[in-house]
Structure formats: structure tokens, C-alpha cells
Amino acid sequence: MRGMRQGMGQVGQGMGLMQPKKFAVPLVFVAIATIIPFIAPSVYLLHVLILAHIFVIYAASWDILTGYTGQLNLGHAMFFGLSAYVVAITNTMLKTPLFLSVLMGVASAFILSVAVGLPCLRLRGPYLAITTFSFSWVLFLLASSAMIWLSGGEEGVRGVKTFIVGTIPNYYLSLVLMLISVYILYRIASSETGLILKAIKEDEDAAMACGIDTTRYKLLAFLMSGTFAGIAGAFYAQYMRIVTVDVVTLELSASAIAFSLVGGIGTIIGPAMGAYILTILFEGFAWLADYRVLIYNLIIVSFVLFLPGGLMSLRDLLRRREEEGGGVGGA
Amino acid sequence: MSRSGEFLEVINLSKHFKGLRAVDDVTFSVGNGEFLGIIGPNGAGKTTLFNLITGFLKPTSGEIHFVGRDITGMKPHERVKLGIARTFQVTKPFKKLTVMENVIIAALIARKQGKIKEDEKNFAAEVLEKVGLLHRKDMAAENLPHGEVKKLEIARALATKPELLLLDEPFSGLTGEEVASLQEVIKSIHEDGITVILIEHVLKACMALSERIIVLNYGKIIADGTPEEVCMDKQVIEAYLGRRGLEFASG
């Protein structure tokens, strides 16, 4: 027993040493993000960063369901897109106040996540992937042809109201929304709930044998994932002030996977990083945009082959090397 | 029909897969604190029986009662809550998680259900100490040697704070030394008052631990008695060695 207590003490100490480092990176990021409008007051740059913030929320929300819980979702755009459309349509056609439209948008994503989640609870592996893909495909078909009278198709729904006019205010609003969303998702992922979700991903039978109500937790993961994607979609609608069929495309669904693979699946922070980097990269090389699906697929394949843990695994690798180095030095 | 006296009761339980009767009209009961061994040739229906008792499979017909309650329709996690825990024949560790985290997950649920009052980390450490894995607590489960994965399975089941523990071939693939050490662990678990049902191919260990043994063949119980009685049973010898073996055994 004494050995055990000593062991626990060491763990505690180790974590104590980690704390300052742990907060350093996020603090530096927030500091830089806060002063960017002053040091680089380019409307275009800020616009790209606002989009990046939106996609960070979107990617992190995908990660809680697929990265943490292991439920492969190939149609994540459906939550983002439905919310964006509901905001745009209610706000422009029904003339509901924007704040109410946003609530309805997020609520619609929540309801859709229940509707998709419930049948998916009994499905595993490829069946689940096909089902999520099909749901998003149906939504795409509705928006692009069957219900074009409502969605406006390629033309989209125009004239959505915005909370605040101007790029700089929207930049700060998106920054705050992104930080809060990522923080909440990260806290959930690092909590007891996150550990339970991980167990379900590793082995569903073993999780059940541990007494976990896997059905309940999988549904919870669907709800969180869909709702946060809905928040991202609602913000997108009020910022862009136009919602086109782009928000429910296969391309957008694939981007969630590409963002997450680049950053590191199952880490929340990784997908957030991936979304940031890829969004900026694509906007910087605008001529690449037409090849986006192709590039996403190349990224997915090459990361799966060469760096399945994403950028976050590089950090772990460095840390391990540091520790090993320290160990040798100490001896 | 008062059944409240019995701890676990399996009543006319059957499970058919298409034409195959994996478990065929099986009836037996287990008393509180008993150590029951279940043996039988490959394909005798032992693991299917475990899956039925723990809720991983639904029976074709029959009932299962636990401490006087009909649990036949309950889901696996509900049975865990009542105090039924299991290990898997093909081990199922949470590979990417540490040994400690593997056990903490089960302990966490036990704490939420009010079965343990203490912090789940302390409880998990106690359980790891019990099975002799505490020195591995920070290792990823996927890096454990096979013998210790078997112990981890048991630790995880123990962390659910069970009253009834079902062990599915815990000795398979272990070296002689590992068998001896695990045998001690299982013995001490039983001595703590936990009822144990053990499926085993390593007959020596099973015979040494069990107070009573049930022999399954083609989904049916062909013998039920003390290890000595079962060993002498003609049907059992025939099931294991065939008719010739029986002739040979009886000289």
C-alpha cells in the first residue's frame, strides 16, 4: 500500500509540473488572436480567420462523436447545413427575429441529431458510416433540387440579418464563440464522460461489461456533436448573410474528417488546429478551391498512411523524446 | 414458487442459433458464496450460457433469476448494476487506455451507482493491487503481456463491485507459473465472499478451485456434482475421450 501511495504522489507532482506548460500555448494563442486586428487590419485576413473559427467549432464537434466515441460520421455537414438553412429561411421568409432564428437553427440540429442518432445506436462500423452519409446526402438533394423553392439552390437564401455589422466585431464574436465551444467540448472530453466515451470507442462489449449504458452515452455524443455543429452553422448564416447549397455538401462533410486527421483524431484540440491550418491554407491558395475534394482526400489518405495520430501525435513524440533524454541525463 | 432463497437460478434456458441448440433446456442454481466450475468439450455451449446469464445474448426460451428477481429481459449494464460481472474468453481490454484507466472506468460506474463510497482512483488501485497489476498501472493495456491482460480483465470485472463473477477461461494460454499465480488470485476473490462461476479448459485448475462442477455437452448438462464425482462419471469421460476412451479408462 505504501508503494501505491508513493506512486500516486508522483503522478500528482508530475501533473503539477505540467500545469504552466499546459496553459502556455492556449494563452499565447488567445493573446495573438486578440491583437491580430490591430497588427494586421486586413478585412480579407479577418474574414478568413472568422471562417476558420467557425470550422474549428465544426471540426471539434465532429471529434466528440467520431474521435472520442468511435461512431464514424461521414455526413457531419447535415447538422451545420440544416442549422444554417433554418436560420436563413426563418429570418428572411418568416421574418422571425435573428436571435429566435438562431435558437431555432441550433434546435433543428439538436432534433436532427436525435433523429439520426436513434437509428444509429444499433449500427456499428460501415453500417453506421453509410447511414450518416445517407442522411446528409438526402439533405443535400433536398437543398439542391427537390426543395429548391425553399433553399434557392445555388443562388441560396439571401438577406439574412446579422448580429453585428462589420468584420472586426464579427471577428471578436467568432473568436469568443469558438473559444467557449472548444473549451466546453475539451472539458467534456477530459471529464469522466470523456473517459466513458473513449471506452465505448475502444470496445463496446467491454464497456457494457463495465456497467456502462452504451446506448445512452452514444446518444449523448450524437446530441453534443450535432448541437455544436448547429451552433457553428447558425453563426455562419448570420455572418455570411447568405446560405447556399455549399453548407450541406459532401465536401463540407469530408472537411471535418480532413481537419481532424491533420490535427489528430480524438483530441478536440487537434481537429481545432487542423481546421485552422487547412482553412487558412485553402483561402491562401484560392485557386486550389476547385480541387478541394481531391485535396481533402489526398490529405485523408496520406495522414492515415503516414501520420495517423495527426499533428498532436508529433507533440506526444517530442514529449516522449524529451522525457527519455531527461531520464538519461538524470542517470 | 418462492425463489427468493436462491442466488442465481437458471430455469429451462435454451438458445438456438438457426438449427443449432447451443444451450438446450438447461436448469441449475448456484448458492450465494459458491464456487461453480463449468466444463465441457469445445462447442458445448459454455460461453453461450455465460452470454445468456450476463445479457449479451437473449435466450430463445427459459428464465434467469438473480437474488429472487427475474433478470431475463435485462440489458448487460443493468445486470452489472445488480452485481453480475464477467470477463471475456477473448480478452477485450481498452487497448489505448492505461491499465489504471481500464479499471477506473468500471470503478467510476460503481461509484455512480453508490456501490463504492471512496474515490474511484483509490478503489481501482486497490483492485489492481489485489490481482497483482499495480506496478503496471501506467502502461497502455495494449503493451501488456497476455498473462497480465487476463488479470486486467479480472481487475476490471472486480471494479464493478460484483456479487457474482463469471470467468470465461481465465487460464487459457497461460504458462504453468502464470496459472499458479492467477489461481491464487481467483481463490482469494472467492474468499472475499464473491460467488464465482468459472468456465475452464485447464481442468486441473478448475478442479482445484471449484466446490462443484457442471459438465455441459451439446448444450445439455450431463453431470453436476463435486469434482470427484464428475471425474468418475461415465458420460463425462465419454464426452471428453469418446467411447473408446471410456473403455480404456474402465480397463
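Right above here is the structure, for reference.
Residues numbered from 1 in each chain as written. Chains lettered and ligands numbered in written order. Predicted model: local features only at pLDDT ≥ 70, side-chain atom pairs only at ≥ 80, totals over all residues. Heavy atoms only, no water.

Which parts of the structure should I look at to understand the packing of helix α7 (residues 167-190) of chain A against helix α8 (residues 192-202) of chain A?
The relative placement of two packed helices is expressed as an angle between their axes plus a distance between the axes. Residue and element names in this part refer to chain A. Axis separation between α7 and α8 bottoms out at 4 Å; the angle between their running directions is 65°. One way to sum up the angle between α7 and α8 is to call them roughly perpendicular. Two secondary-structure elements touch here, α7 through Ile-188, Ala-189 and Ser-190 and α8 through Glu-192, Thr-193, Gly-194 and Leu-195. Tallied by class, the residues present in the contact of α7 with α8 amount to 3 nonpolar, 3 polar and 1 charged. (Axes fitted to C-alpha atoms, helices over the stretch in contact; angles between N-to-C directions. Helix = DSSP H or I, 4+ residues; strand = E, 2+ residues; numbered from the N terminus. Parallel < 35°, antiparallel > 145°, perpendicular 65-115°, else oblique. Contact = heavy atoms within 4.5 Å. Nonpolar A, V, L, I, M, F, W, Y, C, P; charged D, E, K, R; others polar.)

What am I meant to see in the side chain of A:Thr132 here?
Along the polypeptide, A:Thr132 turns up in helix α5 (residues 125-146). Sequence-distant contacts of A:Thr132, defined by excluding residues within four places in its chain, comprise A:Leu72, A:Asn73, A:Leu74, A:Gly75, A:Met78, A:Val116 and A:Cys120.

Just checking my understanding: could you explain helix α3 (residues 99-112) of chain B for this structure?
Residues spaced three or four apart along an α-helix point in a common direction, a consequence of the helix completing one turn every 3.6 residues. Residues and elements named next belong to chain B. With 14 residues, α3 should reach 20 Å at 1.5 Å per residue; the first-to-last C-alpha distance of 21 Å fits that figure. The buried fraction of α3 is high, at 11 of 14 residues. For α3, every residue scored as buried is listed here: Val-99, Met-100, Asn-102, Val-103, Ile-104, Ile-105, Ala-106, Ala-107, Leu-108, Ile-109 and Ala-110. Downstream of α3 by a residue or two, Gly-114 has a phi angle that is positive, lying close to 80°. (Expected span 1.5 Å × (residues − 1). Buried < 20%, exposed > 50% of the residue type's maximum accessible area, 1.4 Å probe, protein only.)

How should I be thinking about the pairing of strand β9 (residues 212-217) of chain B in this particular structure?
Residue and element names in this part refer to chain B. Across the 6 residues that make up β9, a large majority, 6, are buried. Where strand β3 (residues 35-39) and β9 come together, 4 bridges link them in parallel fashion. Residue Ile-39 lies in a different strand from β9, and its bridge partner there is Val-215. Linking β9 to strand β10 (residues 220-225), which pair antiparallel, is a turn of 2 residues; within it Tyr-218 sits at a positive phi near 50°. (Pairing = 2+ DSSP bridges.)

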